[in-house]
Amino acid sequence: MMDVLFPDQYLDSVYDIDYGALMRAGITNLIYDIDNTLAPFDVAEPFPKTLELFAGLRGRGFNICLLSNNSHARVEGFCVSLSHLDVGFVAKAGKPGRRGLRRAMALVGATGASTALIGDQVFTDVWCAKRSGVYSILVKPLSGRDEFTVRIKRALERQVLKLYLRSRKRGQITNI
């Protein structure tokens, strides 16, 4: 039952992902959460390191889309400096609902089997991916600063992650 909340991978950051392994596994569509995954929720633009990462990924043949529960203005503003990289976005996604993820996948012409959703929250990003048949990668939040509602969920997430890490030690979780 807890499997729907367990990520396929749990890493420190988006920079620790083995993108070559994803490509070899047929995952060529990357859908990223923004807030506390790519930048703290109160940072308006991507970091230069993120721009470099996305340019490299696009050069390797990955399609990229951003998926956020945040407002259209926030997400569109964040994406301005990514426009030359053909990065699409879906705002007000309603994660863990599937509709926003389906829209993001349609933007990049993706199927569930060829897509990974990368985010920092169990109850939005991981659950959304699992409900949609998409590979899920959970990364640690970039910042300890969170909106009030997210801070409440973090305590529950810590309990889920303890169970996840215990099950991983027993060899019940497999990566690519």
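Residues numbered from 1 in each chain as written. Predicted model: local features only at pLDDT ≥ 70, side-chain atom pairs only at ≥ 80, totals over all residues. Heavy atoms only, no water.

K.L.:
Just give me the short version of the overall build of the protein, but keep the residues and values in it.
P.N.:
On a plain count of helices and strands, the protein comes out with six helices and six strands. Secondary structure elements of the protein occur, N-terminal to C-terminal, as β-α-β-α-β-α-β-α-β-α-β-α. When the accessible surface of the protein is summed, it comes to about 8,600 Å², and 54% of that surface belongs to carbon and sulfur atoms. (Helix = DSSP H or I, 4+ residues; strand = E, 2+ residues; numbered from the N terminus. Areas by Shrake-Rupley, 256 points an atom, 1.4 Å probe, with all protein chains shown as cover.)

K.L.:
Could you give an account of the environment of Pro 96, with specific residues and numbers?
P.N.:
Turning to its location among the elements, Pro 96 is positioned in the loop between β4 (88-90) and α4 (99-108). For the pair formed by Pro 96 and Ser 132, sequence separation is 36 residues and the distance between their alpha carbons is 9.5 Å. Among all residues touching Pro 96, those that are not within four sequence positions of it are Phe 123, Thr 124, Trp 127, Cys 128 and Arg 131. (Contact = heavy atoms within 4.5 Å.)

K.L.:
Any details on the pairing of strand β5 (residues 115-119)? Residues and values, ideally.
P.N.:
The buried fraction of β5 amounts to five of the five residues, a majority that puts the element mostly inside the structure. Both faces of β5 are covered, namely the face carrying Thr 115, Leu 117 and Gly 119 and the face carrying Ala 116 and Ile 118. When strand β2 (residues 29-32) meets β5, the two strands line up parallel, connected through four bridges. Residue Ile 31 lies in a different strand from β5, and its bridge partner there is Leu 117. In this sheet, strand β6 (residues 135-139) lies alongside β5 in parallel orientation, the contact comprising four bridges. For Ala 116, the partnering residue across the bridge sits in β6 and is Tyr 135. (Buried < 20%, exposed > 50% of the residue type's maximum accessible area, 1.4 Å probe, protein only. Pairing = 2+ DSSP bridges.)

K.L.:
An account of a positive patch on the surface is needed here, citing residue identities and associated values.
P.N.:
Taken together, the side chains of Arg 98, Arg 99, Arg 102, Arg 103 and Arg 131 make up a positively charged region of the molecular surface. It is α4 that provides the largest number of residues to the positive patch, a total of three residues. Structurally, Arg 99 can be placed in helix α4. (Patch = residues over 30% accessible without salt bridge, like charges linked within 9 Å, V, L, I, M, F, W, Y side chains within 5 Å. Salt bridge = Lys/Arg side-chain N within 4 Å of Asp/Glu carboxyl O. Lys, Arg positive; Asp, Glu negative; His and termini not counted. Charge placed at Lys NZ, Arg CZ, Asp CG, Glu CD.)

K.L.:
Residues and numbers for the sheet that holds β4, please.
P.N.:
With respect to topology, six strands assemble into an open sheet ordered β1-β6-β5-β2-β3-β4, the strand pairing being parallel. The two strands at the open ends of the sheet, each matched to only one other strand, are β1 (9-11) and β4. If you compare each strand with its neighbour and ignore which way they point, the axes differ by 20° on average. Both β1 and β6 contribute to a ladder of three bridges, which runs parallel. When the bridges of β6 are listed, Tyr 10 appears paired with Leu 138. (Axes fitted to C-alpha atoms, helices over the stretch in contact; angles between N-to-C directions.)

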